[in-house]
Amino acid sequence: MAHQHERPIVIVIGTRPEGIKMAPVYHALKAAGLPVLLCSSGQHKALLHDVFDLFEIVPDVSWAIMRPGQDLFYLTHAVLNHAKQYFQEVNPRLILVQGDTTTAMAAALCAFYLHIPVGHVEAGLRTDDIMHPFPEEMNRRIISLATAHHFVPTTLAQDQLCREHIRSDRIHCVGNTVVDALYQLKQAITAGSVHVSPLLRERIEHARMHGKRIIAITLHRRELLEQGVEHVLATLKRYFDTHEDAYGIYAYHPNPAVVRAIGNVGLAACGNVWLSEPFAYPDMVYLLDAATCVVTDSGGLQEEAVSLGKTVLVLRDKTERMEGVLAGYAHLVGTDPQAIYQALEHHAVQHQQASGDVHVYGDGKASERIAQIIKEHYYSHMDEACAHEARKVGMESVCVVGLGYIGLPTALLAARCGYDVAGYDIDASRVERINQGNPVICEPEVYEHLIVALEGKNFKAHTAVHAARYFIIAVPTPITHDKKADLSAVFAAADAIVPVLESGNVVIIESTISVGTTERIAEYLAQKTGLCAGKDFYVAHCPERVLPGKIFKELVSNDRLIGGVTPACARAARLFYEPFVKGELHVTQARMAELVKLVENSARDVEIAFAHDVASMAQELSLDPYEVIELANKHPRVNILRPTCGVGGHCIAVDPWFLVEGFPQSTQLLKAARMVNDARPYQLGALIEHAARAIEKENGIPCTVLLLGATYKPNVDDLRESPALHVGAYLKEHNVNVSITDPHADQDQLARQTEVTITTLNAGIQRADLVVFLVAHDRFKTIDRALLEHKKVLDFCGILYESRKLHAQRDTTFWPAHSALDFFIVNQQQVTSTSSGD
């Protein structure tokens, strides 16, 4: 075995294909006695987790860079910065990367900057078109320039690098490691030591029993999305609609553009296509082995399907894996609808496939060869390198008190425009993680803003308040159990400021507060310090107006209220925002700003409550509330919102109670609206329980309920005050056998916030007797309706509702009224049973 003090080999991976292809390499290096560390960037965190479990790998470090809405700029920046810190910490002899991902490119570039040699697995692939595939072709070329040793999969790749004048002694033709993983896994599936989804087995066997050809489908590349994935899906639907002997299994990518396209072309309604969430790797291998034909834009699947002797239709104009084309197994068909249809007609037919495995891309021993080459060549002495960043000096000093969803982004925007910012939080763990580059909160752009601020040395988090020109209070203001405003955190923040408050300082409260609180804070600080508010120091209320998922954009672009205790206070506070707020700054008095902020959110709460009342009235009449609202909104001056399972989040469900407390005689409407919305999850919980009991009575066995959605609104990961969780808690308390699934929520955080069993979408639907739609995530719109056959379905978010424009001939509609228990889906048609218990 290698000596424990030897400098290690570091493998950096970020996506599922990288994990699959590097797992055999990792184990081969271990078997060779070499010191190896595996680093997961987390570019595709959820998809990688299953790969690690499958291949029994525990990463030595995970950077967890995945963020909603992440783009190439963010990914490159994030990997570069994390890699720099980690590489300098562990001082590796060699960095191993695979393929052409942004993780691989940025890790290789970082290693180049630090004078660390790079080994590139699956080197030498080219399309000779720098824009196709994008950005992978550029990524692999950059990696090649930074690479010391190139592990190429085929002689074509070897020839390509020779034409690029790379030294031949640096090129090693070893085969493709994906073939190693493929053969190992196929053998394990055959032996029964690796689990394959029973539902997938059932679908494949059912198709075979009916003499159907199985066509595996995957689409995910950026170029295809940009060129119009909808046209491709429409062509596939046309083919399957006219070929009853074909059965398509489409593991669709969760990209919102793909999800929308599936819905737009009506692919879920195609009877001989099964739509599924992305498969685990064993399921994909099982599907490929069973398929007659594979339709894909994936590079890796070209290798795997050809290695299994399958026909592959490549939805690209060019491929860097020409070996399969030259061998006659793969066919380039591009994205033209007519070309795709003709290729399906010609190639997606039963034919005599190769007996045994095909060794176009390798023989399953590439990883062993790589480990041996590294053992022989990569343990020579090397120079070390390090880099240092110059300290930037900010303009004026800012101390942000509270580093949560509002405080941290505000601090980082201030740092970006030149302020010298100190962040303060009472949570020492949060402070430590922020200073290490982990923003803790999940928000697009927050990571890159944090890294820039930390490296620029004009932001740092602390557990003590620092003296500053501006103090920004951004702490939580929840409600108590008796619906009163809990302002204790605001006054605690004021107490923390007192020891360092000086003449000329400005205190700005961004937290949502009761009317009159800004003046109380000003008086409190004056009493504690002996200074005069409005003369010696200045106090203002400047509430945020941002939407989670767009915080950085809206902090800059939205108008903002500047409510000063005195006009001088408002003018002083305005100076803080002028450098970075592009929206209009409306200067007013503190009480005006306080009231307006609360009125804004309360108005929304009332509108939602009215929608819920409309739903209740429609329910009593067995009418579809979504159609009631759609028709009512035909009036030019009516705009009723859609009913949901309740109101959640940190604003709308809380702020109206501040007004009810402060103005009890003038807020009867607000109180009634709050009571309607607070009661909503429990009303629905009772309906679901009633439905479950009826099913139990009918079937004579316990009913299993699946709740679809856990976040407080669609297409976000935020679980705060989520009504869906209240529905789950109600059912759990009433001894209903319930589980929940959500594709957006962080699964660890969800597990901490609910006692309801957490499951996956396909597994949950398969086990459920009653399926309940609670949150209208776009991902749920693509659920294969065939999966809901003979199941009872309740829809409390309108996801199954079809607009009158889209379905003018609809004969029946559905809403969870007294006939809801009899709603079910048969042959993907919504019907109302005549066996109602009315």
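In this text, all values refer to a predicted model and were calculated from it rather than measured experimentally.

Asker: Explain the overall build of the protein to me, using residue names and the numbers behind them.
Answerer: Secondary structure summary: the protein contains 29 helices and 28 strands in total. For 838 residues, the compact-globule estimate of 2.2 N^0.38 gives 28 Å, and the C-alpha radius of gyration of the protein, at 30 Å, lies within 12% of that figure. Along the longest, intermediate and shortest principal axes, the C-alpha atoms of the protein span 85 × 80 × 45 Å. Buried positions account for 56% of the 838 residues belonging to the protein. Long-range pairs, those at least 24 residues apart, make up 71% of the contacts in the protein between residues at least 6 apart in sequence. Accessible area of the protein: about 35,200 Å², with a carbon and sulfur share of 52%. Placing the 76 positive and 98 negative side-chain charges of the protein at their respective mean positions leaves the two points 2 Å apart.

Asker: Outline the sheet that holds strand β1 (residues 9-13), listing residues and values.
Answerer: Overall, parallel pairing links the 7 strands, which are arranged β3-β2-β1-β4-β5-β6-β7 in an open sheet. Looking at the sheet topology across the chains shown, the edges are occupied by β3 (61-62) and β7 (171-173). As paired elements, β1 and strand β2 (residues 36-40) share 5 bridges and run parallel to each other. Residue pairing for β2: V12 is matched across the bridge by C39. Sitting on the sheet, helix α3 (residues 72-90) is in contact with β1, β2, β3 and β4 (94-98), with an inclination near 160° to β1. In the packing of helix α4 (residues 102-113) onto the sheet, the strands contacted are β1, β4 and β5 (118-121), and the crossing angle to β4 comes to about 160°.

Asker: Please give an account of the nonpolar core that cites residues and values.
Answerer: Counting residues in hydrophobic clusters, the biggest one holds 81 residues, and the most contacted among them are I11, L29, L96, I249, Y281, I374 and F773. Setting aside its immediate chain neighbours within four residues, Y281 contacts R16, I20, L54, F55, V178, A181, L182, L185 and E304. The next biggest cluster of nonpolar side chains, apart from the first, holds 44 residues, and it includes L408, Y419, A453 and A540.

Asker: Go over α3 with me, naming the residues and quoting the values.
Answerer: Side chains of residues three or four places apart in an α-helix project in the same direction, reflecting 3.6 residues per turn. Helix length check: α3, at 19 residues, gives a terminal C-alpha distance of 26 Å against a target of 27 Å (1.5 Å per residue), a fit within 8%. Taken residue by residue, α3 has Y74, L75, A78, V79, N81, H82, A83, K84, Y86, F87 and V90 as its buried positions. Measuring from the backbone nitrogen of F73 back to the side-chain oxygen at the start of α3 gives 3.3 Å, which picks out D71 as the cap. Looking one or two residues beyond α3, the residue adopting positive phi is N91, at roughly 55°.

Asker: Tell me about the pairing of strand β19 (residues 538-541), residues and numbers included.
Answerer: Covered by surrounding structure in β19 are Y538 and A540 together with V539 and H541, the residues of both alternating faces. Bridge count between strand β18 (residues 506-509) and β19: 4 bridges; the pairing is parallel. Bridge assignment links I508 to a residue of β19, and that residue is A540. Viewed along the sheet, the connection from β18 through helix α20 (residues 517-529) into β19 turns out right-handed.

Asker: Residue-level account of the pattern of salt bridges, with values.
Answerer: Think of it this way: side chains of opposite charge can pair up when their charged atoms draw near. Under the counting rule described, the total for this entry stands at 32 salt bridges. With a closest N to O distance of 3.5 Å, K483 and D678 form a salt bridge. Of this pair, K483 sits in the loop between β17 (470-473) and α19 (488-497) while D678 sits in helix α26 (residues 668-699), and the two are 195 residues apart along the sequence. Accessibility expressed as a relative area gives 32% for K483, which makes it partly exposed. The partner of R674 in a salt bridge is D605, with the nearest N and O atoms 2.7 Å apart. You can see R674 sitting in helix α26 and its partner D605 sitting in helix α23 (residues 590-620), a full 69 residues away along the chain. For D605, a relative accessible area of 1% translates into the label buried.

Asker: I'd like to hear about the sheet that holds strand β13 (residues 330-332), residue by residue, with values.
Answerer: If you walk across this open sheet you meet the 6 strands as β10-β9-β8-β11-β12-β13, and the pairing is parallel. Since the sheet does not close on itself, it has two edges, and those belong to β10 (273-276) and β13, each with one partner. Shown here is a sheet whose adjacent strand axes are inclined to one another by a mean of 20°, direction ignored.

Asker: Could you give me a rundown of the environment of H132, with the residues and numbers involved?
Answerer: Its place among the elements puts H132 in the loop between β5 and α5 (136-146). When the C-alpha positions of H132 and M322 are compared, they lie 14 Å apart, and in sequence the two are 190 residues distant.

Criteria and thresholds
- Residues numbered from 1 in each chain as written.
- Predicted model: local features only at pLDDT ≥ 70, side-chain atom pairs only at ≥ 80, totals over all residues.
- Heavy atoms only, no water.
- Helix = DSSP H or I, 4+ residues; strand = E, 2+ residues; numbered from the N terminus.
- Rg over C-alpha atoms; globule rule 2.2 N^0.38 Å.
- Buried < 20%, exposed > 50% of the residue type's maximum accessible area, 1.4 Å probe, protein only.
- Contact = heavy atoms within 4.5 Å.
- Areas by Shrake-Rupley, 256 points an atom, 1.4 Å probe, with all protein chains shown as cover.
- Lys, Arg positive; Asp, Glu negative; His and termini not counted.
- Charge placed at Lys NZ, Arg CZ, Asp CG, Glu CD.
- Pairing = 2+ DSSP bridges.
- Axes fitted to C-alpha atoms, helices over the stretch in contact; angles between N-to-C directions.
- Core = buried A, V, L, I, M, F, W, Y, C linked by side-chain atoms within 4.5 Å.
- Expected span 1.5 Å × (residues − 1).
- Polar contact = N/O pair within 3.5 Å; in protein donor to acceptor, adjacent residues only side chain to side chain.
- Right-handed = clockwise from strand over helix to strand, strands pointing away.
- Salt bridge = Lys/Arg side-chain N within 4 Å of Asp/Glu carboxyl O.

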